[in-house]
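Reading the structure
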Amino acid sequence: MPTITCIEDLRALAEKRVPRMFYDYADSGSWTEGTYRANSSDFAPIQFRQRVAVNMENRSLATQMVGVDTKMPVAIAPTGLTGMQHADGEMLAAMAAKKFGIPFTLSTMSICSIEDIAAHTQAPFWFQLYMMRDRDAMVRMIERARAARCSALVLTLDLQVIGQRHKDLKNGLSAPPRPTLRNILNLLTKPRWCLGMAGTRRHTFGNLVGHVKGVSDMSSLAAWTNEQFDPRLSWADVEWVKKQWGGKLILKGIMDVEDARLAAQSGADAIIVSNHGGRQLDGAESSIHALPRIVAAVGDQIEVHMDSGIRSGQDVLKAWALGARGTYIGRAFLYGLGAMGEAGVTKALEIIHKELDVSMAFCGHTQIQSVGRDILVPGSFKL
């Protein structure tokens, strides 16, 4: 086992252990992947003010996200096909998050179902929902989330149409993989992954197959999905979801100040500044670039979170300093999961926690709650 010191180490190990189509699914963006790259690279110019001769004892990163206590201002983001990075991947990630003390968010397009997660972790988790044309199916999914004691619903707003990811098309992405010669040859180089998959019955979209009318297998699921993402999504639909759910509601996919103001007026509890990890609109600005303007516009009206591009604890600290009161990691935990299963997710969280803790201390703070924009070098970030 190589020495793991950073998220990049986990990424390199995951690339070796995860079948090509599923590694590429996680580690890719739409079209030129320009926004995907900018999400990470735009953190780099933001500089910290190093402080000295400050008492660095008794540090704490503890905070809350939509009223939920969390060990650090980080939650696991909803990611599709997580159970194809590693057998039972969503369950393993949820268990790692529970033990570490941060929120876990399950995607609608997960391999493990809502019920699987509820049965394998006692901590309330969050559930991410897409707006579908089939409102009856949505109502049933919301009811299942309620029955599973989900403590927040995350409504994704930026998938009315689906961005093209070239790698997925070239790889013939499917779950489970089709038995083509190319796939078989690749799988032969991934014995650890194959052994894990042989030991689980969870090989397809657990939240949909068998739960949605007309969906019984991958073929019917693909046809249903292509028809069901609703391009007519409006703020009236957000209000409908809020009434159906009745609990904490987080709106994901906000990148514009005007949309942020509408979201704040919608009665939601939080927004996530997010461009879907660069997987939708290529050419959009990075999330960290959009964050300060949105915080300035609505940060006193609604809780502002962000995702897309976070690969380190320093990224989390920069986002917090610019006003995010919560962040989400997607690829960072997926790399850990693909590399080493639950232990890899835990390792990713430990890495981010340590980087965040040490960087905060060097900036002269011992409590994350006291950190503000003053820890950043003026002029090193764009508004």
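Preceding this paragraph is the structure being described.
All values derive from a computational prediction rather than experimental measurement. (Residues numbered from 1 in each chain as written. Predicted model: local features only at pLDDT ≥ 70, side-chain atom pairs only at ≥ 80, totals over all residues. Heavy atoms only, no water.)

Turning to the overall build of the chain, a few remarks are in order. Secondary structure summary: the chain contains 15 helices and ten strands in total. Compactness check: the chain gives a C-alpha radius of gyration of 20 Å against a globular reference of 21 Å for 383 residues, within 12% of the reference. If you line up the chain on its principal axes, its C-alpha atoms span 60 × 50 × 40 Å. Looking at the chain as a whole, 58% of its 383 residues qualify as buried. Looking at the chain alone, contacts between residues at least 24 apart form 73% of all its contacts between residues at least 6 apart. Of the roughly 15700 Å² of accessible surface on the chain, 54% is carried by carbon and sulfur atoms. Computed over 43 positive and 38 negative side-chain charges, the inter-centroid distance for the chain is 3 Å. (Helix = DSSP H or I, 4+ residues; strand = E, 2+ residues; numbered from the N terminus. Rg over C-alpha atoms; globule rule 2.2 N^0.38 Å. Buried < 20%, exposed > 50% of the residue type's maximum accessible area, 1.4 Å probe, protein only. Contact = heavy atoms within 4.5 Å. Areas by Shrake-Rupley, 256 points an atom, 1.4 Å probe, with all protein chains shown as cover. Lys, Arg positive; Asp, Glu negative; His and termini not counted. Charge placed at Lys NZ, Arg CZ, Asp CG, Glu CD.)

Its location among the elements puts glutamine 280 in the loop between strand 8 (270-273) and helix 13 (287-298). Judged by relative accessible area, glutamine 280 falls into the buried class, the value being 10%. In this structure the side chain of glutamine 280 is engaged in a polar contact, spanning 2.8 Å, whose partner is the backbone oxygen of aspartate 158. Apart from residues lying up to four places away in sequence, glutamine 280 is in contact with Ser30, Asp158, Leu159, Val161, Ile162, Gly163, Arg165 and Asn275. (Polar contact = N/O pair within 3.5 Å; in protein donor to acceptor, adjacent residues only side chain to side chain.)

This part is about unusual backbone geometry. In this structure, proline 176 follows alanine 175 across a cis peptide bond, with omega equal to 0°. Note that proline 176 resides in the loop between helix 7 (166-171) and helix 8 (181-187).

Following the criterion strictly, the structure yields three aromatic pairs and no others. For the ring pair tryptophan 126 and tyrosine 328, a centre distance of 6.4 Å and an interplane angle of 50° mean the geometry is tilted. Taken together, the residues tryptophan 126 in strand 5 (residues 126-130) and tyrosine 328 in strand 10 (residues 327-329) connect sequence positions 202 residues apart. Assessed through its relative accessible area of 1%, tryptophan 126 is described here as buried. The ring of phenylalanine 100 has lysine 71 sitting right over it, with the charged end atom 4.3 Å from the ring centre. One residue, arginine 325, lies across the ring of tryptophan 320, its end atom 4.0 Å from the ring centre. (Phe/Tyr/Trp six-rings, centres within 6.5 Å; stacked < 30°, edge-to-face > 60°. Lys NZ or Arg CZ within 6 Å of the ring centre and 35° of its normal.)

Remember, this is a structural readout, not a statement about activity or role.
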